[in-house]
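These are the residues of each chain, in order.
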Amino acid sequence: MEFGFTTAAYVVAAVLFILALGGLSGQESAKRAVWYGIVGMALAVAATLVGPGSGYWLLSIILIAGGGVIGYQLATRVQMTQMPELVAAMHSLVGLAAVFVGFIAHIELGRVMAMDDSAKKALEGFAALLAKKDSVEIAILRVELFLGVFIGAVTFTGSVIAYGKLAGKVDTSAKKLPGGHILNAGAAALSVLCLIWYFNTGGVFPLILMTAAALFIGYHLIMGIGGADMPVVVSMLNSYSGWAAAAIGFSLGNDLLIVVGALVGSSGAILSYIMCKAMNRSFISVILGGFGGPAGEQMAVEGEQVAIDADGVATALDEADSVIIIPGYGMAVAQAQQNVAELTRRLRAKGKEVRFAIHPVAGRLPGHMNVLLAEAKVPYDIVLEMDEINDDFPDTDVAIVIGSNDIVNPAAQDDPNSPIAGMPVLECWKAKQVFVSKRGQGTGYSGIENPLFFKENTRMFYGDAKKSLEDLLTRIT
Amino acid sequence: MKIGTPKEVMKGEARVAMTPDSARQLQKLGYDCIIESGAGDAAGYSDETYKEAGVEVVKTAAALWKAADVVAKVRPPTEAEIKKSREGQLLISFFYPAQNEKLMQQAADKGASVIAMDMVPRISRAQKMDALSSMANIAGYRAVIEAGNNFGRFFTGQVTAAGKVPPAKVLVVGAGVAGLAAIGTSTSLGAITYAFDVRPEVAEQVESMGAEFVFLDFEEEQQDGAATGGYASVSSPEFAAAQLAKFRELAPEMDIVITTALIPNREAPELWTKDMVESMKPGSVIVDLAAEKGGNCKMTVMDEKIVTDNGVTIIGYTDFPSRMATQSSNLYATNIRHMMTDLTPEKDGQVVHNMEDDVIRGATIAHEKAVTFPPPPPKVQAIAAKPKEKVKELTPEEKKQQELDAFKAQTKQQVTLLAVGGALVLGAGLVAPASFMQHFIVFVLAVFVGFQVIWGVAHSLHTPLMAITNAISSIIILGALMQIGSGSYLVILLAALSVFMAGVNIFGGFLVTRRMLAMFQKS
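Residues numbered from 1 in each chain as written. Chains lettered and ligands numbered in written order. Predicted model: local features only at pLDDT ≥ 70, side-chain atom pairs only at ≥ 80, totals over all residues. Heavy atoms only, no water.

- The name that an unreviewed UniProt entry assigns to chain B is NAD(P) transhydrogenase subunit alpha, with the source organism given as Marivita geojedonensis.
- One UniProt comment on chain B, placed under Subcellular location (unreviewed entry), says "Cell inner membrane".
- Taken directly from UniProt, the Function (unreviewed entry) text for chain B runs: "The transhydrogenation between NADH and NADP is coupled to respiration and ATP hydrolysis and functions as a proton pump across the membrane." (UniProt positions renumbered as here; feature names shortened; annotations may be inferred.)

- Chain A goes by NAD(P) transhydrogenase subunit beta in an unreviewed UniProt entry, where it is assigned to Marivita geojedonensis.
- Under the heading Catalytic activity (unreviewed entry), UniProt records this for chain A: "NAD(+) + NADPH + H(+)(in) = NADH + NADP(+) + H(+)(out)".
- The Sequence similarities (unreviewed entry) field of the UniProt record for chain A holds the comment "Belongs to the PNT beta subunit family."

### Structural notes on the pattern of salt bridges
Residue and element names in this part refer to chain B.
Moving on, step 1. Tallying each qualifying case throughout the model produces 27 salt bridges over all chains.
Moving on, step 2. When the shortest N-O distance is used, the salt bridge between Glu79 and Lys102 registers 4.0 Å. Placement of the pair is Glu79 in helix α4 (residues 79-84) and Lys102 in helix α5 (residues 101-110), with a sequence separation of 23 residues.
Moving on, step 3. Its relative accessible area of 38% is what places Glu79 among the partly exposed residues.
Moving on, step 4. What emerges from the salt-bridge pattern is a single network uniting Glu13, Arg15, Arg75 and Glu292. (Salt bridge = Lys/Arg side-chain N within 4 Å of Asp/Glu carboxyl O. Helix = DSSP H or I, 4+ residues; strand = E, 2+ residues; numbered from the N terminus. Buried < 20%, exposed > 50% of the residue type's maximum accessible area, 1.4 Å probe, protein only.)

### Observations concerning the sheet that holds strand β1 (residues 2-5) of chain B
All names here are of chain B.
Moving on, step 1. Reading across from one edge, β3-β2-β1-β4-β5-β6-β16-β17 is the order of the eight strands in this open sheet, with mixed pairing throughout. Two strands lie at the open edges of the sheet, namely β3 (56-58) and β17 (370-371), each paired on one side alone.
Moving on, step 2. The sheet contact formed by strand β16 (residues 364-367) and β17 spans two bridges and is antiparallel. Bridge assignment links His367 to a residue of β17, and that residue is Ala370.
Moving on, step 3. Contacts from helix α12 (residues 325-343) reach β1, β4 (70-72), β5 (90-93) and β6 (113-116) within the one sheet, and its direction differs from that of β5 by about 145°. (Pairing = 2+ DSSP bridges. Contact = heavy atoms within 4.5 Å. Axes fitted to C-alpha atoms, helices over the stretch in contact; angles between N-to-C directions.)

### Side note on a negative patch on the surface
Moving on, step 1. A contiguous patch of negative charge, built from Asp309(A), Asp464(A), Glu470(A) and Asp471(A), is present on the exposed surface.
Moving on, step 2. Within the secondary structure, Glu470(A) sits in helix α19 (residues 465-475). (Patch = residues over 30% accessible without salt bridge, like charges linked within 9 Å, V, L, I, M, F, W, Y side chains within 5 Å. Areas by Shrake-Rupley, 256 points an atom, 1.4 Å probe, with all protein chains shown as cover. Lys, Arg positive; Asp, Glu negative; His and termini not counted. Charge placed at Lys NZ, Arg CZ, Asp CG, Glu CD.)

What follows is the structure, given as structure tokens:
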């Protein structure tokens, strides 16, 4: 079919993709937006299949269908609490695909370059596209595909490690090999050397060497980042997978790949930025991993943690008019969202105002808590962002903290020496009473003592969040 | 050592400085307690209840003064009582040293140490022994009750079958401890309560008690209450005039006026003048809690209730706490007990008169044959009320200027960014071939569109956003599809693998996004 038709289809697909992302500004329009995305993708694939350069139709369709079956299985079986793992795993596929496509481009380039002019003219498909390029274009092509492979490889191993950490298969604490960032810097320097080498020779060896180095960087970089920084990591990998696609798009001369890659890349970058801002940390410090040592003597925490049982919480909830629930990763781990939702329903049935306060970095994925609560059928209009609800705590009777720690740590505001000083936090301690559902007396991910637990109006509701809430539900009708 | 409490000599004084409860606590500190027979009768504590608490009851005051090492009483000692004291004895009571200088000198000459409960400094640590506050609290409550007793109407407004009753309007002047207690009592009885104080910082406390604070239209730098130990100080003549004008305006409306304005060691300021009394409605009641110091109203007669010619009742009782003797004895005895706890650091029944201690030093007015009044200012600042930093009101011009500056800074930033970006693109254009530049422009525009679009995405939809971007980033399938048809088997294999993986991603990503979005429901 005509080349022009393919291009036209690409334009439509690109517009549809932009609409798909833009539609996510509201819950209702998002439901429509996802269809734009699906149609756009179908159009793009169909146009490519019929367009110039492709072959083995049947094989392609079978493979897509096969992949689709697996994708369908994954998507329908995944638990909402496992969402972060799924997203990370999918990023790794994009990364690996980018590496493969880059290598193919390299192989093809080598084959085409070796041909004489007459042979070149006989070529068709992708190879024909390569054959038309002059020497400057070929040099640029090399840089492009080199970059695509590099970013793809980093994304691949990085996502695999992120998946492992999120699924609990790899130790979540920040670990580095001896040498730390010097190793990363070394690998990066090696990659730059390989780029120059490859640029000049076009040999396959520097490409493979660079791929190995990039795979190592992805592995080591993410190993060095702790569990609580995962929202940033996942969105960063999301961004990388986009840039990889864009780089490949350049080397293949495919505008749709470039457009979509750039869209995804910038989306991931913005998400990372939002997450970092919510933790009051610079992107660099997150990537370099772990929390730095405390800047000085941290304020000593005075007072003691006072425990409370389900009866006490039930009584307080019975008397309260307004309740704010602050869920965190602990709720996801304990799978307590259904019980939380049930509690919300019962309290709302009694005419109490129940709302949720969501910190931007609650959970292990941007917006993780929203999805979990939505799954448990908590209406989204009572789930509010930090900025929307922070001023309401002084007028609130009861704040319930379920499995969050650092995001409700008053030390961020009170103690300039705290490692999380300056991080915006939910000011739940301003509520008349605070209940904290927590497994034990340990500190949070960052290892910082939380003065909230020692405050006079705070009561600790120890135990597994799910069991505690079940207990509580038997007391509230 | 022995702590003894004599019967109060002053006529009408019903309080007692030791209760059976406080005696038990004092014994825990290692003291023996003795009491004069009949000392607690008026407060509702018989000799028997004291005996049960392990207190020795002695027949006469003389015997008690002789036996006790520490004498705790309520009212300032009389000259006769001072004569009974001896060297080394410790006397604890109200004393009002500024008015009783002669008495103080006598006590010092005798060699007795005197701790004046009214001189306990107002710092957080000493609140538990602040007898003035605990007595003032009772006085404030009782003042409202006493006013109600003499006021012929309800406090609260009612609409009944027999007609409408307007609510009483109560003005409380001076929002100290007594004032706040009066405000609380008055509002809880249902009256519309107004309150005034020269310290504007107490407006918040007043409003928290449910009363309305009367503000003056007067601009003057108010002295910070914290500097004078939390008490009011003398105000300027202009301020006093503005204050009186306001009261004059309020007087005809008010049914009950309770004045509690006292300045430490001074005559009470005149706040409710004769003409204000005359402008009040018949049947109105004034309770002057400052009567002992001359009264905030000059028509007040100390210790008496009078009715003016226009039918306004003025109550000048000074014994409000004594009128609730059981309650006030309990509180006062507890204050004394706390004072003894501070004086007995070892809990061994031995008084350690530590003149380095801010609280003990401040309250001691005679020690080791010398008058130690007035005390040096306390080392700890009273009531840590930091002056509020005033946020400067911006004038419209300044605001405009600020907005302009912000706009300029933003423009500068954007222009710089654009210039740098533009220069880079141009630089790239100089070396790169046209085919590359075409794609590059597409790329830059796409990044731009991406940034614009993504900022609008709702926070709660960030997970679906990641899932959908994940799905569409498998657009890389196009690359694989384009390549699959050309070249060697290795190429086909790699391309096939890529197509397969991207396929997983496309379906998985979109389906999971749909699943998530379907869950978001409105209530």
